[in-house]
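Per-entry structural report
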Amino acid sequence: MNEAEIFALIRAQLIEIVPEAADVEITLDHSMRDLGANSIDRMDVVITVQDELGIKVPNAELTRANDLRSLVELFSAHASAHA
C-alpha cells in the first residue's frame, strides 16, 4: 500500500471516529489533535489503521509522529518491512 492509500485510510478512520473532521480539508500537515481527536480517538484511529495494514508499530515510535505526514511515513515504513 502506498502513502496516498495509507493517508486515505487514516483520513477515513479519523472521519468515522471524529465526524466533525469531515468539515475540514484534512492535509498531511494536520495533527489528529488539530482535527478534534482526543487521546482515545487518536488511539482508536492508530489501532484500526494498524489492523487494516496488518502491522504493529511500537508505541515509542508512535509518540514521535506529530502530524499525519509523519504517521503516514511511519506506517508506510512498517508496511514495507512487513511485506
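Please read all numbers here as calculations on a predicted model, not as lab measurements.

Looking at the overall build of the protein chain
The number of helices and strands found in the protein chain is four helices and zero strands. Of the regular secondary structure in the protein chain, the N- to C-terminal order runs α-α-α-α. The C-alpha extent of the protein chain, read off along each of the three principal axes, is 35 × 25 × 20 Å. Within the protein chain, the fraction of its 83 residues that count as buried is 39%. Total accessible area on the protein chain stands at roughly 4900 Å², and carbon and sulfur atoms take up 50% of it.

Considerations on the nonpolar core
Counting residues in hydrophobic clusters, the biggest one holds 25 residues, and the most contacted among them are I10, L14, M32, L71 and F75. Those elements that place two or more of their residues in this core are α1 (3–17), α2 (39–53) and α4 (68–82). Top element by residues in this core is α4. It accounts for six residues. In contact with M32, other than residues within four places in its own chain, are L14, A37, R42, V45, V46, L68 and L71.

A closer look at the pattern of salt bridges
With the rule as written, the count across this model stands at one salt bridge. A salt bridge links R69 to D29, with the shortest nitrogen-to-oxygen separation between them at 2.6 Å. Residue R69 is found in helix α4, and its partner D29 is found in the loop between α1 and α2; the two are separated by 40 residues along the sequence. With a relative accessible area of 53%, D29 lands in the exposed category.

Describing the environment of H30
Residue placement: H30 occurs in the loop between α1 and α2. Once residues lying within four places of it in the same chain are set aside, the contact partners of H30 are V24, E25, L35, D67 and L68. Within the structure, the side chain of H30 is placed 3.0 Å from the backbone nitrogen of T27, a separation counted as a polar contact.

What counts and how
Residues numbered from 1 in each chain as written. Predicted model: local features only at pLDDT ≥ 70, side-chain atom pairs only at ≥ 80, totals over all residues. Heavy atoms only, no water. Helix = DSSP H or I, 4+ residues; strand = E, 2+ residues; numbered from the N terminus. Buried < 20%, exposed > 50% of the residue type's maximum accessible area, 1.4 Å probe, protein only. Areas by Shrake-Rupley, 256 points an atom, 1.4 Å probe, with all protein chains shown as cover. Core = buried A, V, L, I, M, F, W, Y, C linked by side-chain atoms within 4.5 Å. Contact = heavy atoms within 4.5 Å. Salt bridge = Lys/Arg side-chain N within 4 Å of Asp/Glu carboxyl O. Polar contact = N/O pair within 3.5 Å; in protein donor to acceptor, adjacent residues only side chain to side chain.

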